[in-house]
Each structure stands twice: as C-alpha cells, then as structure tokens.
Amino acid sequence: MRIKQLMNGLVLILLGILAVCAVYGAFLGAQQAQAFFSSPVMIGFWCLLMAVLAAGFAVYSVLRRKSALMLIHGGCLAVLAGGMIGSQKAHQWAAARLGGPDWTKGQMQLQPGQSASHVKLETKDQPGHLPFEVRLKDASIDYYDKPAIGLYFNDGAGWVIKAEKGEPITIPDGRGTIEVSAVYRNFKLRSENGQMVPYESDEPGTNPAYQLVYRPAAGQQETFYVFERFGMHTLSDRTCRAEYIAPRAVKDYKSTLQIIQNGRVVKEAAIEVNKPLYYGGYHFYQHTFGYNQSEPVSGIMVVSARGIGFVFGGYGMILAGLAMHVWPKLFAQRRKSDSRRGNDGN
C-alpha cells in the first residue's frame, strides 16, 4: 500500500511537470520548443516518466488483470517510446554506435528532371545523405480561381476571357472575335520548312503559353501568344495587347517524386502540403514552391520516420483500450434502460 501511495504521488507530480512544460513550450516557437524538449534535463524527465509507466504494470495489478487498462497504459508507454526513438539525440546515439543517419529533418530543392540524394540540414553545415535518390518528375500549383487573359485596346476598352481552349468569343462593338486555339504546358519553337513552328515539348521544365487567334471585323487574321511568365504582348498593328492574369488564391502545391534505387524507379507518388510520400524510413513533404527563371523549384522537407511505428501503434492501443473499457458499460446501461421501459409498459 505504501508503494502505491508513493507511486500515486510521483505520477501526479510528473503529470503536473508535463503540463507545465507543454504550456511553456507552446510559447517558445517550433525551433526553441524542439531544443527545449530535447535538452538533457528533459531527456532525464522522459526517461523517468517511461520508467514510472513501466513500473506501473508491477505496482498496479489491475493493469495486468484488465485488458482494456493494459492497452491504454501500454499505448501511452509506446507513444512516449516512439517519440524518444525519433528524437535528434536518439539519432545521434544510434549513428555513433550502430551507424546510419544522425539527423531527423532537412530540406531538398529540386527542379523538374533533377535528382539528388543529399539533404540540407537545419543544424549542420554538412549535408545529410539518403541511401537512394529522389527525382522531381513534375511540379505544379492548383488555384481556387481560374487563370484568365486580359485584352486591352488602344481606345481604352478591355475584356477578360478564360485562359482555356474553346470556341471563338465575339468581342463587343464589332471588333471581331478572339479564340484560344491551343494551350501549351511547355512551349517551344522549332524550324520546319524555314518557319518557326510552336510545339509541346516533353523536355524537363515548363513554359506555359496560350495561342490566340484574333479575327478583326475588318482586316487580316492574326495569331499570337501569351506567356504566363512574361509581360504584355502587343499585336503587330498595335491596336490591342493581351496579358496573362494569374489566379490569386493558391489552393495547393503538388510535386510528383520518383524514388530511384540501383538505377531504377522503385516508387512514384504525388505529394502535397499535408500528403507526404513515405519510403525507406523517411517522409517527404511538400514544403516550399517557387520559380527559378522559367522552371519551378520544389522545396521538399525530408523527415526521418524512425519511431513513428511505435507512436501510431501506441495510439491504436489507446483507442482500442478505450473502446474495450467504455463499450461494455454503455451496452449494460442501454440494456438496463430497455429493461426499465419494459417494466413500465407492464
């Protein structure tokens, strides 16, 4: 009985310290909080908390008799163990004794068609290395609204049309028609029979463009191009100019990654901000997105997944234990209520 009283008091003290540290860490910011929870003092606290949780199985016999409580208690222990295994200190300890990477998080910046196995680390000048290569096959941005093309005439009139291939659109005031006759994702030119002809290139990179055909009410038909990454484009007679109008609200960034090992693609998947790719003990998250001249540059966050199995397994154990603990009580209460309603009916 004396041991249980001491254990109860110790558990309350540890839970109080944990609550205070959680509140304190919430005001530090991500990087400072990570450094705080990985400090030597906190490492000692985590080890003590794990020891107390493990000792609970020996001190409290109810944890051994009831499966539901055993799962809940064991799940908490598994979550804590997984967090410690996945920490920076644990990675450094394992690297010094067992080999392998000693880092937990880094970044990669890739352009379409580019491959790399090195990772820029947040805490070191020297890069980390992956046991395989990551290639960026493709990158794109999704928007809530749609892109458009603005038409502006020299007399001040202007109209906006959809930036998509479609039927000819009649321009008011007898100005003729305008049509988006072709859409290019990677616009290039090549020489055919002495003339420069546009085509859709399958080379790495992107150069989005729209082919417009302007048919004035009186005059010769003209074909011209509007590019997403370049400015205004004026017709030869200088009566009208066209401009790409980019969407304003970004919905999502997407990158298609390929994992290359031993010279062949072993996995391919499209990642988004909250939808990572998992392979070889690492998660690959979409982190940043930008452009370098005419090509997109995708920033990929690489996070070691060591210990994540313990964490997810622990959460599963806790949920299963709660269901096993609560469901029989709810079922018994429902049967009791049905019995009372039956007696009242009689």
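> Explain the overall build of the chain residue by residue, including any values.
In terms of helices and strands, the chain carries seven helices and 18 strands. In terms of overall dimensions, the chain is more spread out than a globule: its C-alpha atoms have a radius of gyration of 31 Å, far above the 20 Å expected for 346 residues. Principal axes of the C-alpha set define a box for the chain whose edges measure 100 × 75 × 40 Å. The 346 residues of the chain split such that 34% are buried. By sequence separation, contacts in the chain at least 24 residues apart represent 49% of the contacts at least 6 residues apart. Of the accessible surface of the chain, which amounts to about 20,900 Å², a share of 56% is contributed by carbon and sulfur atoms.

> Lay out the environment of R175 with the relevant residues and their values.
Along the chain, R175 turns up in the loop between β6 (169-171) and β7 (176-184). Classification of R175 by relative accessible area gives buried; the value is 17%. Spatially, the C-alpha atoms of R175 and L319 are 68 Å apart, while their sequence positions differ by 144 residues. With residues near it in sequence (within four places) discarded, R175 still touches F153, D155, A157, W159, Y214, R215, P216 and A217.

> Which residues make up the pattern of salt bridges, and what are the values?
Evaluation of the coordinates by the stated rule reveals six salt bridges. Put simply, R185 and D138 hold a salt bridge, and the shortest N to O gap is 2.2 Å. Taken together, the residues R185 in the loop between β7 and β8 (187-192) and D138 in strand β3 (residues 128-143) connect sequence positions 47 residues apart. Taking the relative accessible area as the measure of exposure, R185 reaches 39% and is therefore partly exposed.

> Tell me about the sheet that holds β7, residues and numbers included.
Taken in spatial order, the four strands line up as β6-β7-β10-β11 in an open sheet, and their pairing is antiparallel. Across the chains shown, the open sheet's two edge strands, defined by having one partner strand only, are β6 and β11 (222-227). On average, each strand axis in the sheet is inclined to that of its neighbour by 30°, with strand direction left out of account. Sheet topology places β6 next to β7; three bridges connect them, and they run antiparallel. Across the sheet, residue I169 finds its bridge partner in β7, namely I178.

> With reference to specific residues and values, describe helix α1 (residues 2-26).
Taking 1.5 Å per residue, 25 residues should reach 36 Å; α1 reaches 37 Å between its end C-alpha atoms and fits that length. Within the span of α1, buried status applies to M7, L14, C21 and G25. Against the buried residues of α1 lie α2 (30-37) and α3 (40-59).

> An account of the sheet that holds β3 is requested, with residue identities and associated values reported.
A sheet is described by the order of its strands in space; here eight strands give the open sequence β15-β14-β3-β2-β1-β18-β17-β16, paired in antiparallel fashion. Of all strands in the sheet, those with a lone pairing partner are β15 (264-271) and β16 (277-279), marking the two edges. Taken over all neighbouring pairs, the strand axes of this sheet differ in orientation by 35° on average, direction set aside.

> Which residues make up the nonpolar core, and what values do they have?
Judged by nonpolar contacts, the single largest core of 21 residues is most densely connected at M108, L130, V134, L257, F284 and V302. Put simply, the parts of the chain that give this core at least two residues each are β1 (105-110), β2 (115-121), β3, β14 (250-261), β17 (282-292) and β18 (295-304). Counting residues per element, this core draws most heavily on β3, at six residues. If we skip the residues at most four places from it in the chain, L130 touches W103, M108, S117, V119, Y282, F284 and V302.

> Tell me what's going on with the confidence of the model for the chain, and back it up with residues and numbers.
In the predicted model, the chain carries a mean pLDDT of 83, and 91% of its residues have values of at least 70. Mean pLDDT values over the elements of the chain span from 58, in strand β12 (residues 233-234), up to 93, in β15.

> How would you summarise the pairing of strand β10 (residues 209-215) if you had to cite specific residues and measurements?
Counting buried positions over the seven residues of β10 gives six, a clear majority of the element. Sheet topology places β7 next to β10; seven bridges connect them, and they run antiparallel. For V180, the partnering residue across the bridge sits in β10 and is L212. One ladder, built from six bridges, connects β10 with β11; its direction is antiparallel. Of the residues in β11, the one forming a bridge with Q211 is Y225. Following β10, the chain reverses through six residues before pairing antiparallel with β11; G219 in that reversal takes a positive phi of roughly 140°.

> Residue-level account of unusual backbone geometry, with values.
Of note in the backbone geometry, D173 takes a positive phi value of approximately 65° without being a glycine. Within the secondary structure, D173 sits in the loop between β6 and β7. Here D173 falls in the exposed class, since its relative accessible area comes to 66%. Phi is positive for N262, which is not a glycine, with a value near 55°. Of note, N262 is situated in the loop between β14 and β15.

Rules and cut-offs
- Residues numbered from 1 in each chain as written.
- Predicted model: local features only at pLDDT ≥ 70, side-chain atom pairs only at ≥ 80, totals over all residues.
- Heavy atoms only, no water.
- Helix = DSSP H or I, 4+ residues; strand = E, 2+ residues; numbered from the N terminus.
- Rg over C-alpha atoms; globule rule 2.2 N^0.38 Å.
- Buried < 20%, exposed > 50% of the residue type's maximum accessible area, 1.4 Å probe, protein only.
- Contact = heavy atoms within 4.5 Å.
- Areas by Shrake-Rupley, 256 points an atom, 1.4 Å probe, with all protein chains shown as cover.
- Salt bridge = Lys/Arg side-chain N within 4 Å of Asp/Glu carboxyl O.
- Pairing = 2+ DSSP bridges.
- Axes fitted to C-alpha atoms, helices over the stretch in contact; angles between N-to-C directions.
- Expected span 1.5 Å × (residues − 1).
- Core = buried A, V, L, I, M, F, W, Y, C linked by side-chain atoms within 4.5 Å.
- pLDDT = per-residue confidence, 0-100.

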